[in-house]
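Letter by letter, the chains look like this.
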Amino acid sequence: MKVHKIAVIPGDGIGPEVLEEGIKILKKTACLDGGFSFEFTHFPWGCEYYLKHGRMMDENGIEILKDFDAIYLGAVGAPGVPDHISLWELLLNIRKSFDQYINLRPVVLLRGAPCPLKDVKCEDINMIFVRENSEGEYAGSGSWLYKGKPNEVVIQNSVFSRIGCERVIRYAYNLAREKGKTLTSISKGNALNYSMVFWDQIFKEVGLEYPDVKTYSYLVDAASMFMVKDPKRFEIVVTSNLFGDILTDLGAAIAGGLGLAAGANLNPEHKFPSMFEPIHGSAPDIAGHNIADPLAAIWSASQMLEFFGYNKWAQRILDAVETIMWEGKRLTPDMGGSSTTSQVGDEVAAILER
């Protein structure tokens, strides 16, 4: 039997609550299948850990995590810890240390999920965002000069390397070819006259290797408008770190809300562990009340199973999530229901079993 070693970082706010339900579903799939199992190891890292120890994770945390097959992250962020500290010292530290250069975020409108757009059918919103996840606008390069003085200057550099752009764009082309979908590149080449002109150039160069893939290119402002007015034009989307971060939150808004937003941080070569997480944040205002929506965490567990090659179980979990939304009997308050976090997790498990 294949045993997958999973590092669990529940993190902050509602993270521990929603991850508990995701783990419940992973255990259920393993039990029903019988051909694989999971070994979970929990780590108490996050903002509470920071307030006690002055750091977001153990000093040798990255070395510890290297031994795992995957990382399951709940949420990062809490009052009392600046966001740039919690983000850079934990989430981005893991992404960069393990070269998780692909951020995969589905934007799919499930049956029964709320959508603010008028006259939109479920099949009209079915996208996969392939976001560059290792450099770009989040490279962390820059300077803060003359701090506190009248001539204070801050410089934030974007870093776009040929290797970094080529590998994420090629991954997106391969995904589009595999799924028989169109591929759309989103940039801002008219205004960002170095980085995004470079991105557009590489998108065209790599595209010569994929004459069978139909492509489109949009500026990010136009793409934002089209995602609302005509979302069906997007299938596979590839874009930079910043644009992908922003547009997938817009995608979550049109596809049921952040309670259904999942994300995978992939090292496709499996040289390092990949990381799977709901992207809704820590929601400290509802933490501990057992009312947080666990469906995004469960969806990210489905992404983990798909990455391990268990495509059948990954799809069955998504089908179960869709069944819950469609039936409407077991939903948390954010979806108009009155069920608890654990009750929703129990219902997903029950649907898988039946």
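The rules behind each value
Residues numbered from 1 in each chain as written. Predicted model: local features only at pLDDT ≥ 70, side-chain atom pairs only at ≥ 80, totals over all residues. Heavy atoms only, no water. UniProt positions renumbered as here; feature names shortened; annotations may be inferred. Axes fitted to C-alpha atoms, helices over the stretch in contact; angles between N-to-C directions. Helix = DSSP H or I, 4+ residues; strand = E, 2+ residues; numbered from the N terminus. Parallel < 35°, antiparallel > 145°, perpendicular 65-115°, else oblique. Left-handed = near helix turned anticlockwise from the far one by under 90°. Contact = heavy atoms within 4.5 Å. Domains from an automatic or database assignment. Salt bridge = Lys/Arg side-chain N within 4 Å of Asp/Glu carboxyl O. Polar contact = N/O pair within 3.5 Å; in protein donor to acceptor, adjacent residues only side chain to side chain. Nonpolar A, V, L, I, M, F, W, Y, C, P; charged D, E, K, R; others polar. Expected span 1.5 Å × (residues − 1).

The protein chain has the name D-malate dehydrogenase (decarboxylating) in an unreviewed UniProt entry, where Enterocloster bolteae 90A9 is given as its organism. On record in UniProt, under Sequence similarities (unreviewed entry), the comment for the protein chain is "Belongs to the isocitrate and isopropylmalate dehydrogenases family." According to UniProt, the comment filed for the protein chain under the heading Catalytic activity (unreviewed entry) is "(R)-malate + NAD(+) = pyruvate + CO2 + NADH".

Student: Would you take a moment to explain the packing of helix 1 (residues 15-33) against helix 10 (residues 311-327) for this structure?
Tutor: Two quantities define a packed helix pair, namely the angle between the helix axes and the distance between the axes. Their axes nearest at 11 Å, the elements helix 1 and helix 10 cross at an angle of 130 degrees. On the basis of their axis angle, the class for helix 1 and helix 10 is oblique. Crossing hand, helix 1 versus helix 10: right-handed. On the side of helix 1, the interface is formed by Ile 25, Thr 29, Leu 32 and Asp 33, while helix 10 contributes Lys 312, Trp 313 and Ile 317.

Student: Is there a simple way to think about the UniProt feature "domain: Isopropylmalate dehydrogenase-like" (unreviewed entry) in the protein chain in this case?
Tutor: Following the UniProt record, one finds the feature "domain: Isopropylmalate dehydrogenase-like" (unreviewed entry) at residues 5-348. Measuring from the first to the last C-alpha atom of residues 5-348 gives 23 Å, for a span that is 40% helix and 22% strand.

Student: I keep staring at the environment of Phe 198 and nothing clicks. Help me out?
Tutor: By secondary structure assignment, the location of Phe 198 is in helix 6 (residues 195-207). As for Phe 198 and Ser 143, which are separated by 55 residues in sequence, their C-alpha atoms are 23 Å apart. Beyond its immediate stretch of four places on either side in the chain, Phe 198 contacts Phe 160, Ser 161, Arg 162 and Cys 165.

Student: Please clarify how the domain arrangement of the protein chain should be interpreted in this entry.
Tutor: The accessible area lost on association of the parts is a frequent measure of interface size. When its domains are assigned, the protein chain resolves into domain 1 (1-99 + 267-353) and domain 2 (114-254). Across the boundary between the two partners, domain 1 contributes 8 residues, which contact 10 residues of domain 2. Viewed at the interface, domain 2 and domain 1 are joined by 1 salt bridge. A salt bridge links Arg 167 to Asp 99; its shortest N-O distance comes to 2.8 Å. Counting across the domain 1 and domain 2 interface gives 3 residue pairs in polar contact (both at pLDDT 80 or more). Here the side of domain 1 that touches domain 2 gets 3 residues from one element, more than from any other, and that element is helix 4 (residues 83-97). Residues that form the side of domain 1 that touches domain 2 fall into these classes: 5 nonpolar, no polar and 3 charged.

Student: Explanation requested: helix 11 (residues 341-353) in the structure shown.
Tutor: Working note: α-helix, 3.6 residues per turn, so residues spaced by three or four point in the same direction. For helix 11, built from 13 residues, the straight-helix expectation of 18 Å at 1.5 Å per residue is met to within 8% by its first-to-last C-alpha distance of 19 Å. Contacts made by the buried residues of helix 11 are with helix 1, helix 9 (295-307) and helix 10.

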